[in-house]
Amino acid sequence: MNANLQIKSFEEYKEKYAKSIEDPAGFWGEIAEEFVWQKKWDTVVEWNFDEPKIEWFKGAKLNITENALDRHLEKRGNKIALIWEPNDPKENVIRFTYQELHNRVCQFANGLKAKGIQKGDRVCIYMPMIPELMIAVLACARIGAIHSVIFAGFSATAVADRVNDAQAKMIITADGLNRGAKQIPLKRVIDEALELCTSVETVIVHDCLGWMPTMVEDRDCWWHDVVKDQSIVCPAEPMDAEDMLFILYTSGSTGKPKGVVHTCGGYMVYTAYTFQNVYQYEASDIYWCTADIGWITGHSYIVYGPLLSGATTVMFEGIPTYPDPGRFWQIIDKHSVTQFLTAPTAIRSLMAFGEDHVLSYSLDSLKVLGTVGEPINEEAWKWYYLHVGKERCPITDNWWQTETGGIMISGIGNLSPMKPTYAGYPMPGIHPVLLDQEGKEIQEANVEGYLCIKAPWPSMLRTTYGDHERCRINYFSHYKGYYFTGDGAKRDEDGMYRIIGRIDDVINVSGHRFGTAEIENAINTNSHVIESAVVGYPHPVKGQSIYAFVVMDGAVEDEAMSKGEIVETVVAEIGKIALPEKIQFVTGLPKTRSGKIMRRILRKVAEGDTSNLGDTSTLLDPLVVDEIVANAL
Ligand code: PRX
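Residues numbered from 1 in each chain as written. Predicted model: local features only at pLDDT ≥ 70, side-chain atom pairs only at ≥ 80, totals over all residues. Heavy atoms only, no water.

Considerations on the side chain of D397
Its place among the elements puts D397 in strand 20 (residues 395–398). The buried charged residue D397 lacks any salt bridge partner; its closest oppositely charged side chain belongs to R498, at an N-O distance of 8.2 Å. (Helix = DSSP H or I, 4+ residues; strand = E, 2+ residues; numbered from the N terminus. Buried < 20%, exposed > 50% of the residue type's maximum accessible area, 1.4 Å probe, protein only. Lys, Arg positive; Asp, Glu negative; His and termini not counted. Salt bridge = Lys/Arg side-chain N within 4 Å of Asp/Glu carboxyl O.)

See the structure below:
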């Protein structure tokens, strides 16, 4: 924790905010001074949103792990950096001090080097939520290899797409993972994925479940063999501030997931700064974020933000409902957690089990709560506030994206006013605007518009891996001079933002992003499918769920069987996490004369609101709508 980074009052926030907008270089330059640089920068920021080209701390040299680990050793070497809570509460907790974590990271980093990994190589990580996942991420950063963590729920095809796009040289995985009462194979998925990949030379396997999977000769090796005899001293690779730190794939409105690229210097400064302020972290606090490191929240607010701040971060292997729906609350009491960050979906799913589970625990240690990933409805907000925070703890609603690298709009610990369903205020340095259809900035309060960002911030994406034009088109071409978020929002009289949700073809299921085109492509790989259209509809627990309208190549005789086949296709192409909850077979899709699918109509059908479908007369075949409405699920 760095006292100089922390805002101490709402007044101070307002002052800092004004300064950050007036003089971004002065503001961020001062914050960056609090970190260890092997060489200082020549300029704080150079940018244009046309190409786009964004450079923070140009000319500087650093290694993020020196800041996340080495920097703490002298004063906090014996402080606990990581508390790992296993899936099964009867198993042992693992704790690493900063010194121990440092040693493990260096040892594994030396192992990576021994396996031929060099600065700039891409390494994919497909692992359970175990300490070795954090170690693998940091070991890559230590030697300048670019990590690309792939969430361990993705299918072999989805893994292969990501490995191929990044041309990864290595994959780090485990035999399998624990998930509640289930155990799920990972190495088997990698073996299948690698049938579709040619760039991978080495697979490192961590022995997690003792399954002894088949090991491919000259390709696969055990983690324990890789670290054996390796020194715990590994110099930190000097990185340019703008060198790539990691790639993380995320879905957009086009079919193929994009590899969002984050770089070293700006990402470091921004994740640490936002972590310390949003969570008002103090030296003896125990912070826990329930996300998976496979998503951006885990990168920024389990690994980097907390460790850069010298915090104690909790990592949980399991799920909220195992062995019972009191598991989260039990862990909070067990480790005296002070800051707790979770997703609205988790809160809603636990609400469904009633209050008894949460009321059995004291939760006295809690100081600040957080929610992230999707809009939180008022009912869930109140439940969280009342039963978890006991009306004592502020809820910070963190709005941000894989592309933004860090929290953009949020409450600030207990300093800022809060209002259910409103994310809150822009972080210092963040300049959000709401644009109307014509791209004009909306000045009035309480008017909904497209949420865009007007100026660069240190942790913003720099490119999409291997395809810069895609980055430009997706984020910088909708409105000239603005970063386009894809979200709709409004702002109240006090400058507080409320996020309405995606206005593009992105569906947010349980806080996980999927593009409609991505799921349609998956469904269409089924040989009996002619075409399909996918939309999101509101779901009481998941926020949104997936509804697929599917045209088959003939009459569907056995609906259950055909649905089962489509489900299998999606599981194989993407993973269980993207399953359509509803599949409706239709003879045609509502299309305009130019062949564009009218999703607006399908969305209304999926929402169960067919009273006013608008003008359907311009459709190629208006009758198809009657059939869709009549058979809606
Ligand atoms: O629609 C917004 C929603 O999640 C999207 C970003 O998803 P992803 O890149 O997977 O990152 C999730 C974790 C940061 C956004 O475009 N979203 C995220 N946080 C919130 C949110 N919607 C409302 N409120 C939030 N706090």
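What to know about the domain arrangement of the protein
Domain assignment breaks the protein into domain 1 (67–237) and domain 2 (511–630). A straight line from the C-alpha centre of domain 1 to that of domain 2 covers 38 Å. The partner domain 2 presents 8 residues to the 7 residues of domain 1 that form the contact. Of the roughly 490 Å² buried at the junction of domain 1 and domain 2 (both faces included), carbon and sulfur atoms supply 53%. Together, F154, S155 and T157 form the three largest contributors to the area buried by domain 1 at its contact with domain 2, with a combined 60%. Counting across the interface, domain 1 meets domain 2 through 0 salt bridges. Inspection of the region where domain 1 meets domain 2 yields 5 residue pairs in polar contact (both at pLDDT 80 or more). Of the residues contributing to the side of domain 1 that touches domain 2, the split by class is 3 nonpolar, 3 polar and 1 charged. (Domains from an automatic or database assignment. Contact = heavy atoms within 4.5 Å. Buried area = accessible area lost by both parts, 1.4 Å probe. Polar contact = N/O pair within 3.5 Å; in protein donor to acceptor, adjacent residues only side chain to side chain. Nonpolar A, V, L, I, M, F, W, Y, C, P; charged D, E, K, R; others polar.)

Points about the packing of aromatic side chains
Aromatic ring pairs: the centre-centre distance and the angle between the two ring planes describe each pair. Here the structure, examined in full by the defined rule, presents 44 aromatic pairs. Both rings, one in W28 and one in Y273, keep their centres 5.4 Å apart while their planes meet at 80°; by these two values the pair is edge-to-face. Pair noted here: W28 is in helix 2 (residues 24–32) and Y273 is in helix 9 (residues 264–278), with a separation of 245 residues, a long-range link. Like Y273, W28 is buried. Taking the centre distance of 5.9 Å and the plane angle of 65° together, the rings of F154 and W295 count as edge-to-face. (Phe/Tyr/Trp six-rings, centres within 6.5 Å; stacked < 30°, edge-to-face > 60°.)

Observations concerning the site of the ligand
Close contacts around the ligand come from 17 residues, with D397, T402, D487, R502 and R513 the closest. N398 is positioned such that a nitrogen or oxygen atom in its backbone is 2.8 Å from a nitrogen atom of the ligand. At a separation of 2.6 Å, an oxygen atom of the ligand approaches a polar side-chain atom of T402. Taken together, the elements giving at least two residues each to the shell around the ligand come down to helix 10 (296–308), strand 20 and strand 27 (497–502). (Near = heavy atom within 4 Å.)

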